[in-house]
Amino acid sequence: MKTPVCSYGIMLVLLSLLAVLQATTALKNGIDIYSLTVDSKVSSRFAHTVVTSRVVNKAETVQEATFQMELPKKAFITNFSMIIDGVTYPGNIKEKVAAQKEYSAAVARGESAGLVKATGRNMERFQVSVNVAPEAKVTFELVYEELLKRRLGVYELLLKVQPKQLVKHLQMDIHIFEPQGISFLETESTFMTNELADALTVSQNMTKAHIRFKPTLSQQRKSPEQQDTVLNGNFIVRYDVNRTVSGGSIQIENGYFVHYFAPEGLPTIPKNVIFVIDQSGSMAGRKIQQTRDALIKIVDDLGPKDQFNLVCFNEEATQWKPSLVPASAENMKEARNFAAGIMARGGTNINDAVLLAVQLLERANKQELLPAGSVSLIILLTDGDPTVGETNRANIQKNVQEAISGQCSLFCLGFGFHVSYAFLEKLALDNGGLARRIYEDSDSALQLQDFYQEVANPLLMKVAFEYPSNAVEEVTQDNFRLLFKGSEMVVAGKLRDKGPDVLSAKVRGQLHLQNITFQTEASVAEKEEEFRSPKYIFHSFMERLWAYLTIQQLLERAVSASDSEKQALETRALSLSLNYSFVTPLTSMVVTKPEGQEESRVAEKPVENENRHRNIHVGQSFFRSHSTGDGRSRITAGTSERLSSFQRRFGPPGPLHPPRGPFLPDHMLLPDISLAPPVPEGVFHDMDLRTKETIIMAAPPPAPIQAPPVILPLPGQSVDWLCVDIKRSQGLMKLLSDPDQGVEVTGQYETEKAQFAWIEVTFKNPQLQVRASPEHVVVTRNRRSTAHKWKETLFSVIPGLKMTMDSAGLLLLTSPDKVTIGLLSWDGPGKGLRLLLQDTDRFSSHVGGALGQFYQDVLWGPPAAADDNKRTLRVQGHDHPATRELKLDYQEGLPGREISCWSVEL
């Protein structure tokens, strides 16, 4: 069938118009960001971040410029200013009530809450707009600070990169100074690509690290033909510091001290844990399934000395076992089966459920069934407010606190946004625990597992810090109920004038069966000197660290305090917030603008509650973009670039089968455009219909060529590819194992669906596990798991391993001098997970497994006498018939390409 020449002409015109639109849309409103810098200085875990954006109005009329930045929820904004025509318009931090009264008109119009909004799980969006005259320039500067909290063994600094347009000068600098010494450092990005890798430099010595990201304009472009930027996502730095058995490090700067405590090498205390699971009707569907999945995994992680039980509730609360049971293999198997059968229906009786859990612990304690020196925990998961039994939240909080009476810790997990988070937070804080929101997403089960990992390994109980009274004053919280593995306790305070030259400290706590005391001493003069030499740290930071920590703890204590105590706590927190210019839940920042523009706006700190998150609207971009033409054209063009890039990485493919006939490539597909006028009715009456009959009788299109589950490159052989088909159920398969390389690949293949249910790659050094499923990729390291959706770009560099995923869904795991392993979410014929290998010549002689066996001594038999497309492949004494067949090569991404390869069956 011939394609009309005029259609090609129309297509070329459309493509040309599209290119012009893409080139001009970016400058549609004339606002050009010519400089964007992020400077973050982390001094002894305290991060001070300055974001500076410089814009110019290149239009001939007044235009609106918008500054938008996302910052971590735990951070406090400390300053914001705009410089317009040389005049500085600062942000003034005031008491929230006073600010709202002063700007009541703005509040009434709903403007006061518009500057800072919660967005996502960990971020808040700050956004300000201002009118800019033609040719005028504006400088925006935002400053925020946060104390990085150690979680599951790492500190994490999260920066959002989202300029919305190409920026001539874009630079991020992160300086880290840790006197204890940096034990490891890793970076991760959700927008980085191999093309951007050259823009990232990381330097590190014993105590200092510098990460710089400075991409050029060409590196920022999605493609040479587009003006759109590829920079849109998270940039994460994770690190930890050196530690000793004593676990204590005292640091001193400008008259203030901070004491970090996280000892190494302590044994885990046995725990008695009861999981209280909401199975009311609102949990039906995905929530209850994810809860089941998480429970099954959590039960597997219980220690051999632990005891546990399950309580499920709707209108009534029921227990799995009459009492707590040891975490034996038999009990864990039975618990997994019970968890798998949990069904959701009925109302929500939180009061009776938690009280039943307390009664189970009390009964076990009276019967002396709890191991001596063990820790008791209750973990409550619910997605709604109480609707049955006792429904008054205050009464429930009172009942639970009286029942627990300090004998165990209660942790509350709120699933979704229909639950009163404030209610759960107070319930937890009243009883020595904490609350956490579980976000409804594909990784909700992973969130539950991760939270459990945070509290799964208690190391110390009843931890108390002691300092000489003549040495320190105004010390932050110095008594803690529990220390968990991977966390850290932080105490800060002020040194007294004319105090001793050496600051000594004692930390007392209880191990499993004994008391223990840790002692630390620090020379004031020597410690002060440590922070004088680095020029890039911001000085007097430790005083601000002390204020930040004090405010956080005062606000937390106020949640569970009586009314009179709450007033006193909030008054002191307010005073510190104003003195140190922190935007906290008690203060607001008034942002002024030039006269004649919109009235002043008020920035407030969002709080975690049930209403703030329900309708999150993305803020207005710097400009709107429009596109025309067939979307498939753009997608295919991008795919072509990925194909060539992949081919450079993986080398040439195997022999190609010639095309079956003439065809139009995808990028030649045309929109359905009719150029001729409509045909009058009846014009076909006298036409010969043989043409129509020919079309009806045309042969059906051939069945699509299938992509095999695995394609293996075989080095040293005359054939290029080996296509492996898995025809019978294998159960859990060990696909690859190379102890010399320190890598193992396992998988679960479902023959009914003809695809892998999951593939898991485990590295020995660094210790890391990557598990791919059709839904997402989960990376687990140091008991910390992170989920990544397919086709969302990822670029993670840790010592000894680089992980990258492109927008086509190709995840590559590369290590120096090691085999590269690829995982692919394939959407073509025979869709599902695919495994890829590169640099297979690096396998050692000890490689094994269902696929690894093909990298041992492989012998090819001669072609069969009757058919030279059939040969025999002898592997480790076993013969495998191999047939030359046409297969679809998925290694170069969609749409795939036909190759001729040797196919074997397992």
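Residues numbered from 1 in each chain as written. Predicted model: local features only at pLDDT ≥ 70, side-chain atom pairs only at ≥ 80, totals over all residues. Heavy atoms only, no water.

Colleague: Which residues make up empty space enclosed by the protein, and what values go with them?
Modeller: Using the criterion set out here, one finds six cavities of 30 Å³ or more in the structure. Approximately 200 Å³ is the volume found for the largest cavity. Computed from the structure, the second largest cavity encloses a volume of approximately 110 Å³. Every residue along the wall of the second largest cavity is listed here: F275, I277, T291, A294, L295, I298, I379, L381, L413, L448, F451 and Y452. Of all elements in the fold, only β17 (271–278), α5 (286–300), β21 (375–382) and α10 (444–455) reach the threshold of two or more residues within the lining of the second largest cavity. Considering every element that reaches the lining of the second largest cavity, the biggest residue donor is α5, with four residues. Here the residues of the lining of the second largest cavity are counted per class, giving 11 nonpolar, one polar and no charged. (1 Å grid on protein atoms, 1.4 Å probe; cavity = no way out; pocket = protein on both sides within 12 Å on 5 of 7 lines; lining within 4 Å. Points joined across faces, edges and corners; volume = space filled by probe spheres on them. Helix = DSSP H or I, 4+ residues; strand = E, 2+ residues; numbered from the N terminus. Nonpolar A, V, L, I, M, F, W, Y, C, P; charged D, E, K, R; others polar.)

Colleague: Any chance you could break down the side chain of D889 for me, citing the residues and the numbers?
Modeller: Along the chain, the position of D889 falls in strand β47 (residues 878–889). Despite its burial, D889 remains without a salt bridge, the nearest opposite charge being carried by R897 at 5.7 Å. Looking at D889, its side chain comes within polar contact range of the main-chain nitrogen of Q891, at 2.9 Å. (Buried < 20%, exposed > 50% of the residue type's maximum accessible area, 1.4 Å probe, protein only. Lys, Arg positive; Asp, Glu negative; His and termini not counted. Salt bridge = Lys/Arg side-chain N within 4 Å of Asp/Glu carboxyl O. Polar contact = N/O pair within 3.5 Å; in protein donor to acceptor, adjacent residues only side chain to side chain.)

Colleague: Break down helix α9 (residues 421–429) for me, citing the residues and quoting the values.
Modeller: For α9, the full list of buried residues reads Y421, F423, L424, L427, A428 and L429. The inward-facing, buried residues of α9 abut α7 (350–366), β21, α8 (393–404), β22 (409–415), β23 (435–438) and α12 (541–559). (Contact = heavy atoms within 4.5 Å.)

Colleague: Requested: an account of the confidence of the model for the chain, with residues and values cited.
Modeller: On average, residues of the chain score 82 in pLDDT, and 82% of them reach the 70 mark or higher. With pLDDT under 50 throughout, residues 610–696 is counted as low confidence; its partners more than four residues away or in other chains account for 127 contacts. (pLDDT = per-residue confidence, 0-100.)

Colleague: Just give me the short version of the packing of α12 against helix α13 (residues 563–579), but keep the residues and values in it.
Modeller: Interhelical geometry of α12 versus α13 gives an angle of 155° and a closest axis separation of 9 Å. Taken together, the axis directions place α12 and α13 in an arrangement best described as roughly antiparallel. The chirality of how α12 crosses α13 is left-handed. Along the contact surface, α12 presents W546, T550, I551, L554, L555, R557 and A558, while α13 presents K566, L569, E570, R572, A573, L576 and S577. Tallied by class, residues from the contact of α12 with α13 come to eight nonpolar, two polar and four charged. (Axes fitted to C-alpha atoms, helices over the stretch in contact; angles between N-to-C directions. Parallel < 35°, antiparallel > 145°, perpendicular 65-115°, else oblique. Left-handed = near helix turned anticlockwise from the far one by under 90°.)

Colleague: Can you tell me about the sheet that holds strand β26 (residues 479–484), naming the residues and giving the values?
Modeller: Strand order across the open sheet formed by four strands is β26-β24-β28-β29, with antiparallel pairing between neighbours. Because the sheet does not close on itself, it has two edges, and the strands there are β26 and β29 (515–523). Sheet twist, expressed as the mean angle between neighbouring strand axes with direction ignored, is 30°. Sheet topology note: the strand β28 (residues 502–510)/β29 ladder contains nine bridges and is antiparallel. (Pairing = 2+ DSSP bridges.)

Colleague: Residues and numbers for the pattern of salt bridges, please.
Modeller: Summed over the entire model, instances satisfying the criterion amount to 38 salt bridges. Among the ionic pairs, R771 bridges to E760, the shortest N-O distance being 2.8 Å. Within this pair, whereas R771 is found in strand β37 (residues 768–772), its partner E760 is found in strand β36 (residues 755–763), the two being separated by 11 residues in sequence. Residue class for R771 comes out partly exposed when judged on its relative accessible area of 33%. The exposure class assigned to E760 is buried, which follows from its relative accessible area of 12%. Salt-bridge contacts for R842 lead to D839; the nearest nitrogen and oxygen are separated by 3.5 Å. By relative accessible area, D839 is classed as partly exposed at 28%. Each of the salt bridges in this network shares a partner with another, and the network as a whole consists of R45, R150, E178, D240, R243 and E488.

Colleague: Talk me through the nonpolar core; I want residue IDs and the actual numbers.
Modeller: In terms of nonpolar packing, the biggest core is built from 59 residues, with F80, F126, I176, F213 and F235 touching the most fellow members. Here this core takes five residues from strand β1 (residues 31–43), the largest share from any one element. Beyond its immediate sequence surroundings of up to four residues, F80 is in contact with F67, Y89, P90, G91, F126, V128, F140, E141, L142, M589 and V591. Among the nonpolar cores identified, the runner-up in size contains 49 residues, and F763, A772, L801 and W902 belong to it. (Core = buried A, V, L, I, M, F, W, Y, C linked by side-chain atoms within 4.5 Å.)

Colleague: Requested: an account of the state of the cysteines, with residues and values cited.
Modeller: This model, assessed by the stated rule, comprises one disulfide. Here C723 is linked by a disulfide to C901, with a sulfur-sulfur distance of 2.1 Å. Given an S-S torsion of about -120°, the disulfide between C723 and C901 has left-handed geometry. You can see C723 sitting in strand β33 (residues 721–725) and its partner C901 sitting in strand β48 (residues 897–905), a full 178 residues away along the chain. Here the two residues C723 and C901 agree in accessibility, since each one is buried. (Disulfide = S-S within 2.5 Å.)

Colleague: A description of the environment of D857 should follow, citing residues and the corresponding values.
Modeller: Its location among the elements puts D857 in the loop between β44 (832–838) and β45 (858–860). In this structure, the C-alpha to C-alpha distance between D857 and S845, residues 12 residues apart in sequence, is 9.1 Å. Non-local contacts of D857, meaning those with residues more than four positions away in its chain, are made with R874, V875 and Q876.

Colleague: Describe in detail the packing of aromatic side chains, supporting the description with residues and values.
Modeller: Taken as a whole and judged by the stated rule, the model has 30 aromatic pairs. Note on W320 and F338: the rings are 6.3 Å apart at their centroids and 35° apart in plane angle, and the pair reads as tilted. Of this pair, W320 sits in the loop between β19 (317–319) and β20 (325–326) while F338 is found in helix α6 (residues 329–340), placing the two residues 18 residues apart along the sequence. The exposure class of F338 is partly exposed, given its relative accessible area of 28%. (Phe/Tyr/Trp six-rings, centres within 6.5 Å; stacked < 30°, edge-to-face > 60°.)

Colleague: Explain the side chain of N57 residue by residue, including any values.
Modeller: Following the sequence through the fold, N57 ends up in strand β2 (residues 46–57). The class of N57 is buried, set by a relative accessible area of 0%. Once residues lying within four places of it in the same chain are set aside, the contact partners of N57 are N29, G30, I31, V62, Q63, V132, A133, P134, E135 and A136.

Colleague: Summarise the packing of α5 against α10; cite the residues concerned and give the values.
Modeller: The interhelical angle for the contact between α5 and α10, taken along N-to-C directions, is 35°, at an axis separation of 8 Å. α10 is crossed by α5, and the crossing has right-handed handedness. Across from Q290, T291, D293, A294, K297 and I298 in α5, the residues of α10 making contact are S444, A445, L448, Q449 and Y452. Across the contact of α5 with α10, the residue classes tally to five nonpolar, four polar and two charged.

Colleague: Describe unusual backbone geometry, with residues and values.
Modeller: Residue P766 is reached from N765 by a cis peptide bond, and omega for that bond is 5°. Note on placement: P766 falls in the loop between β36 and β37. The phi dihedral of E368 is positive, around 55°, even though this residue is not glycine. Position of E368 relative to the elements: it lies in the loop between α7 and β21.

Colleague: Go over the sheet that holds β37 with me, naming the residues and quoting the values.
Modeller: Hydrogen bonds between backbone groups are what pair the strands of a sheet, and the pairing can be parallel or antiparallel. Taken together, six strands build an open sheet; the order of strands is β34-β35-β36-β37-β38-β39 and the sheet is antiparallel. What marks the edges here is a single partner per strand, and that holds for β34 (732–738) and β39 (784–789). Each strand of the sheet is rotated relative to its neighbour by a mean of 15°, with strand direction disregarded. Bridge count for strand β35 (residues 743–750) against β36 is eight bridges, and the pairing is antiparallel. Residue pairing across strands places G747 opposite I759, the latter belonging to β36. The sheet strands contacting α10 are β38 (776–781) and β39, and the helix crosses β39 at an angle near 165°.

Colleague: Break down the pairing of β36 for me, citing the residues and quoting the values.
Modeller: The buried count for β36 comes to eight of nine residues, which makes it a mostly enclosed element. Hairpin connection, β35 to β36: the antiparallel pair is bridged by four residues, and A754 has positive phi, about 55°.

Colleague: Explain the pairing of strand β13 (residues 208–213) residue by residue, including any values.
Modeller: Moving residue by residue along a regular strand, the side chains alternate between the two faces of the sheet. Of the two faces of β13, only one is covered, namely that formed by A209, I211 and F213; the face formed by K208, H210 and R212 stays uncovered. Note that strand β10 (residues 169–177) and β13 share six bridges and pair antiparallel. In the sheet register, M172 faces β13, and the bridge partner there is F213. The turn joining strand β12 (residues 200–204) and β13, which pair antiparallel and follow one another in sequence, is formed by three residues.

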